[in-house]
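Okay, here's what each chain looks like letter by letter:
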Amino acid sequence: MFWEASEVEKKLRYTGVFESYTNDLQLMRSDFEKHILPFVRKHSDLFPKRCEDWLYFKRIVAFIMSYSFTDPSKEADDDDEDGSDDESEGAHVHSAAPMMAPLADMLNAVPSNNACLQVCKLTRQMVVKNGCKVDAGNEVFNTYGELSNKDLLLMYGYAVPVGENPYDYVPLPAVDFLNAATEVFADDSKSAKSLKAKWRLLQEVGAVDKNSTLAFWADGRRLDEEAEMVLKVLSMSESDFNSYKENDGWSSDSEAEDVEQRIAGYPQRHRDILKCVAEKCLARCRSSFERDDLDYESVERRNALSSRDRYSLYVRYGQKVLLKVLLDLCKV
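About the cut-offs
Residues numbered from 1 in each chain as written. Predicted model: local features only at pLDDT ≥ 70, side-chain atom pairs only at ≥ 80, totals over all residues. Heavy atoms only, no water. 1 Å grid on protein atoms, 1.4 Å probe; cavity = no way out; pocket = protein on both sides within 12 Å on 5 of 7 lines; lining within 4 Å. Points joined across faces, edges and corners; volume = space filled by probe spheres on them. Helix = DSSP H or I, 4+ residues; strand = E, 2+ residues; numbered from the N terminus. Nonpolar A, V, L, I, M, F, W, Y, C, P; charged D, E, K, R; others polar. Phe/Tyr/Trp six-rings, centres within 6.5 Å; stacked < 30°, edge-to-face > 60°. Buried < 20%, exposed > 50% of the residue type's maximum accessible area, 1.4 Å probe, protein only. Lys NZ or Arg CZ within 6 Å of the ring centre and 35° of its normal. Axes fitted to C-alpha atoms, helices over the stretch in contact; angles between N-to-C directions. Parallel < 35°, antiparallel > 145°, perpendicular 65-115°, else oblique. Left-handed = near helix turned anticlockwise from the far one by under 90°. Contact = heavy atoms within 4.5 Å. Core = buried A, V, L, I, M, F, W, Y, C linked by side-chain atoms within 4.5 Å. Pairing = 2+ DSSP bridges. Salt bridge = Lys/Arg side-chain N within 4 Å of Asp/Glu carboxyl O. Patch = residues over 30% accessible without salt bridge, like charges linked within 9 Å, V, L, I, M, F, W, Y side chains within 5 Å. Areas by Shrake-Rupley, 256 points an atom, 1.4 Å probe, with all protein chains shown as cover.

Trainee: Quick one: what's the story with the layout of surface pockets, residue by residue and with numbers?
Mentor: Where empty space is left can be seen by rolling a probe of water-molecule size over the atoms. For the second largest pocket, the calculated volume is near 530 Å³. Lining the second largest pocket are 24 residues, and of these Tyr 14, Gly 16, Glu 19, Pro 173 and Thr 213 sit closest to its centre. Going through the elements one at a time, helix H2 (17–42), strand S6 (169–173), helix H5 (174–184), helix H10 (268–284) and helix H13 (307–331) are the ones with two or more residues in the lining of the second largest pocket. Taken together, the residues of the lining of the second largest pocket break down into ten nonpolar, seven polar and seven charged.

Trainee: Hey, could you go over the packing of aromatic side chains for me, with residue numbers and the actual values?
Mentor: Enumeration according to the criterion identifies twelve aromatic pairs in this entry. Here Tyr 311 and Tyr 314 contribute two aromatic rings whose centre-to-centre distance is 6.3 Å and whose plane-to-plane angle is 55°, an arrangement assigned as tilted. Of this pair, Tyr 311 and Tyr 314 both sit in helix H13, separated by three residues, roughly a single helical turn. Judged by relative accessible area, which is 7%, Tyr 314 ranks as buried. Through a chain of ring-to-ring contacts, three or more aromatic side chains come together here, namely Tyr 144, Tyr 156, Tyr 158, Tyr 296, Tyr 311, Tyr 314 and Tyr 317. Directly above the ring of Phe 241 sits Lys 198, whose terminal nitrogen or CZ lies 6.0 Å from the centroid.

Trainee: Give me the packing of H10 against H13: which residues, what numbers.
Mentor: Taken N-terminus to C-terminus, the directions of H10 and H13 make an angle of 150°; their axes are 9 Å apart at the nearest point. Classified by the interaxial angle, the pair formed by H10 and H13 is roughly antiparallel. Seen from above, H10 lies across H13 with left-handed handedness. Residues Arg 271, Leu 274, Lys 275, Ala 278, Glu 279, Cys 281 and Leu 282 of H10 pack against Lys 320, Leu 323, Lys 324, Leu 326, Leu 327, Leu 329, Cys 330 and Lys 331 of H13. Residues belonging to the contact of H10 with H13 are distributed by class as follows: nine nonpolar, no polar and six charged.

Trainee: Could you give an account of the nonpolar core, with specific residues and numbers?
Mentor: Counting 41 residues, the largest nonpolar core has Leu 172, Phe 177 and Phe 216 as the members making the most contacts within it. Only S6, H5, helix H7 (195–204), strand S7 (213–217), helix H8 (225–235), helix H9 (238–246), H10 and H13 provide two or more residues apiece to this core. Sequence-distant contacts of Leu 172, that is, excluding residues within four places in its chain, are made with Phe 177, Ser 212, Thr 213, Leu 214, Ala 215, Phe 216, Leu 223, Val 277, Cys 281, Leu 323 and Leu 326. Counting residues in hydrophobic clusters, the runner-up holds 20 residues, among them Tyr 21, Val 61, Tyr 314 and Tyr 317.

Trainee: Quick one: what's the story with the pairing of strand S4 (residues 115–120), residue by residue and with numbers?
Mentor: For S4, the tally of buried residues reaches six of six residues, placing the bulk of the element in the interior. Taking every second residue as pointing to the same face, both faces of S4 are buried, with Ala 115, Leu 117 and Val 119 on one and Cys 116, Gln 118 and Cys 120 on the other. Relative to strand S5 (residues 126–130), S4 is paired through five bridges, and the arrangement is antiparallel. Residue Gln 118 lies in a different strand from S5, and its bridge partner there is Val 127. Where S4 hands over to S5, the hairpin turn is made up of five residues, of which Arg 124 adopts a positive phi near 65°.

Trainee: Could you give me a rundown of the pattern of salt bridges, with the residues and numbers involved?
Mentor: Overall, the coordinates contain 15 salt bridges when judged by the stated rule. Across the salt bridge formed by Arg 301 and Asp 295, the nearest N and O atoms sit 2.7 Å from each other. For Arg 301, a relative accessible area of 39% corresponds to the partly exposed category. Three or more residues joined by partner-sharing salt bridges are found here, namely Glu 7, Lys 11, Arg 308 and Asp 309.

Trainee: So, the sheet that holds strand S8 (residues 222–223): which residues are in play, and what are the values?
Mentor: Read across the open sheet, the three strands follow the order S6-S7-S8; overall the sheet is antiparallel. Only two strands of the sheet have a single partner each, and these edge strands are S6 and S8. The sheet strands contacting H5 are S6 and S7, and the helix crosses S6 at an angle near 60°.

Trainee: I'd like to hear about unusual backbone geometry, residue by residue, with values.
Mentor: In this structure, Tyr 14 takes a positive phi of about 70° despite not being glycine. Summarising the element assignment, Tyr 14 is placed in the loop between helix H1 (5–11) and H2.

Trainee: Account for empty space enclosed by the protein, with residues named and values stated.
Mentor: Tallied over the full model, the rule gives one cavity of 30 Å³ or more. Of the voids in this model, the largest cavity is the one considered here, and its volume is about 40 Å³. In terms of lining residues, the largest cavity is bounded by Ala 109, Val 110, Pro 111, Thr 143, Tyr 144, Gly 145, Leu 147, Leu 152 and Tyr 158.

Trainee: Provide a residue-level description of a nonpolar patch on the surface, including the pertinent values.
Mentor: On the surface, Ile 60, Phe 63, Ile 64, Tyr 67 and Met 100 cluster together into a nonpolar patch covering about 450 Å² of accessible area. The biggest single contributor to the nonpolar patch is helix H3 (residues 54–67), with four residues. Residue position: Ile 64 is located in helix H3.

Written out as structure tokens, the structure reads:
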């Protein structure tokens, strides 16, 4: 949030961070100018002059985002009307209002945490609950949720080394799937002819748009459900696609189909498209891959980097490693 746009673009190009950073700041600036600033000026007798400053507002937002928790008792959930002593993880509830809890932010947070903060709806107490045995002398780690390195850097200003975040993923531009399918089916006139119609259908159901990204996840080495949909539709023969449309497409999918099936077991047409997508993504950052590899593998070089450079390296290099994994799976 406090990095210069040029620095974000330079250090994190093609990772999806710059786009999210730009969008977040635009939304925040819009809220500030449309809602916060008029309210502050209307009640100038209650607010000091600095509250009209955009940078001051950003600091306040950053402080609340970094140190607040969410109160699960405020969410619209009637599942526990029986009054049972149920506990919900406040850090994972997005619909509840944020709250500041003194001392609750003392714990460091990592993706592979051994504890979490919870609020008991019955007693209204916030407690630290361990998820596994923590030996004496070992640190107790909280979690910010199931966040990728990209999202950790965006929201909390840090990232963890490659391989230490089970929730990491690499974003794959949706339009790369269309371009890859166009190349793969260049010699198949019937499949190539129907690609535009397939893409229109995917847009109509909200699966893709020109700026959307799909994901390949580190945990289980799988695609997300949206990527599965896109891959399935783009790979269909013309006759299968016509039947798919006649049967209202999405509602006729087999419930038994495993959307997390391993990529090595995909049909050849699926793997050809994925291979082409991975190659396109790697080609964009190929010039920096060898340098990142040297910086990451050398502990001395890595430790010599500034914190911003090091965290950016974790995001960049982690995504490139996942792209290499995806590429290898497609070659099996």
